[in-house]
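Residues per chain are reported as follows:
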Amino acid sequence: MAYSMSEADSRKIIHVDMDAFYASVEQRDDPSLRGRPVAVGYAAKRGVVASASYEARTFGVRSAMPSSAALRKCPDLVFVPPRFEVYRAVSHQIRAIFADYTSLIEPLSLDEAYLDVTENLRGISTASATAAEIRARIFDETGLTASAGISYNKFLAKLASDHCKPNGQFVVTPAMTAAFVETLSIGKFHGVGPVTANKMKRLGIFTGADLRRQSLEFLQQHFGKSGIWYHAIANGEDNRPVVPDRPRKSSGSERTFADDLTDPAAIEAGVLAMADEVWAWCEKTRVSGRTVTVKVKYADFRQVTRSRTLPAMITSQETLRNVSIDLVRTVFPPAKGIRLLGVTLSSFETTDRSASKQLDLGLIGRSG
């Protein structure tokens, strides 16, 4: 397939990705951590690495790795408890910088976002120059480095941002696309997880070049509807727009415990702690919802959820706590120890909370 210019190809998309964001914030704020292998997280036996500094990464430490495995790889690893309020505050600073260049900002997380700068607010002629200016401002205003990928679609921009990490940027033009995509290992492709990658390898697909050689029919036969996406990205095609500020559909909190919980009082205490974290978010954002979901993961990793949708929006912390407790009590007595608990609030509404207050009060203490 030829890589010809089209209207979609003329877009200017930047993917900005902060470098080891949480760990970099910790090293910025504590000079004694600079130059040392740092992991944001907890060293507890069920802890997980949330972010690893580049010094830690040289030992093979990665995000989402169990803390015990990370310590085996790097015995000198320094664990720092996460400070999400600080990370969110820095993320807001960075988002404010983005807003000086475009209103088309699609955050993917606290530390990365897509920007459509086809018509940027500063009138900068190239996306590359725009990305360089944004990265310089991020460093000047936060003391942190960012990497950027620049291309004509989101798929290629995200791949490009990985190409010169840390503190670099890379451009993939339409003319470069074929050579760039063909050399990539199949695991680098967005939407190709480990299971799919292994299936592709069994079919003889190891690189972008291998994927590009497959017909659409072949890919649909083996991967169903996803085959259409794989066929498109193998040819550098991605028409997804940059979608600013998708409405949030839920807010949740969960925790994995160092020791399995079996005592009902301890389980209820865990659920209350999660409910309180969710309510703190509701208070801060002035958003609430009607559906409460409690997640329980047992020691054998079997998982169950219990949900209840109320007839009106929850307007008090006490109501959220009581509904959460009612839901977790439906699994008592627990068949096995519980390793993880979570509470999520969804079915968001914008109704004034006072309108539901009377109904809320009537629900307090109810079970079932």
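Residues numbered from 1 in each chain as written. Predicted model: local features only at pLDDT ≥ 70, side-chain atom pairs only at ≥ 80, totals over all residues. Heavy atoms only, no water.

Q: Help me understand the sheet that holds strand β10 (residues 288-298) in this model?
A: Strands in a sheet are paired, the pairing made by backbone hydrogen bonds, and the direction either parallel or antiparallel. Pairing within the open sheet is antiparallel, and its four strands lie in the order β9-β12-β10-β11. Single-partner strands in this sheet number two, and they are β9 (250-261) and β11 (303-309). Each adjacent strand pair in this sheet contributes to an overall mean axis angle of 15°, direction not counted. Packing of helix α13 (residues 317-329) onto the sheet brings it into contact with β10, β11 and β12 (338-349), and relative to β10 it is tilted by some 35°. (Pairing = 2+ DSSP bridges. Helix = DSSP H or I, 4+ residues; strand = E, 2+ residues; numbered from the N terminus. Axes fitted to C-alpha atoms, helices over the stretch in contact; angles between N-to-C directions. Contact = heavy atoms within 4.5 Å.)

Q: Explanation requested: empty space enclosed by the protein in the structure shown.
A: The probe, sized like a water molecule, is rolled over the atoms to show the empty space still left. With the rule as written, the count across this model stands at one cavity of 30 Å³ or more. Its boundaries defined by the atoms lining it, the largest cavity holds a volume of some 110 Å³. Surrounding the largest cavity, 13 residues form its lining, Ser 91, Phe 98, Leu 110, Glu 112 and Ala 113 being those nearest its centre. Breaking the lining of the largest cavity down by element, the ones donating at least two residues are β1 (13-18), α4 (84-99), β5 (105-109) and β6 (112-116). Grouping the constituent residues of the lining of the largest cavity by class yields seven nonpolar, two polar and four charged. (1 Å grid on protein atoms, 1.4 Å probe; cavity = no way out; pocket = protein on both sides within 12 Å on 5 of 7 lines; lining within 4 Å. Points joined across faces, edges and corners; volume = space filled by probe spheres on them. Nonpolar A, V, L, I, M, F, W, Y, C, P; charged D, E, K, R; others polar.)

Q: What am I meant to see in the confidence of the model for the protein here?
A: Caution applies to low-pLDDT regions: their predicted coordinates should not be interpreted in detail. Residue-level pLDDT values for the protein average 89, and 92% of them are 70 or greater. Every residue in residues 1-5 is under pLDDT 50, and counting partners more than four places away or in other chains gives 15 contacts. Of the regions scoring below 50 in pLDDT, residues 353-368 engages in 29 contacts with residues more than four places distant in sequence or in other chains. (pLDDT = per-residue confidence, 0-100.)

Q: What should I look at first to understand the layout of surface pockets in this one?
A: If you add up the space inside the second largest pocket, you get close to 580 Å³. Lining the second largest pocket are 26 residues, with Asp 17, Glu 112, Lys 158, Asp 162 and Lys 165 sitting closest to its centre. Among the elements of the structure, β1, α1 (21-29), α2 (54-57) and α6 (154-161) are those that each provide at least two residues to the lining of the second largest pocket. Looking at the lining of the second largest pocket element by element, the count peaks at four residues for α6. Along the lines of polarity and charge, the residues of the lining of the second largest pocket split into 10 nonpolar, eight polar and eight charged.

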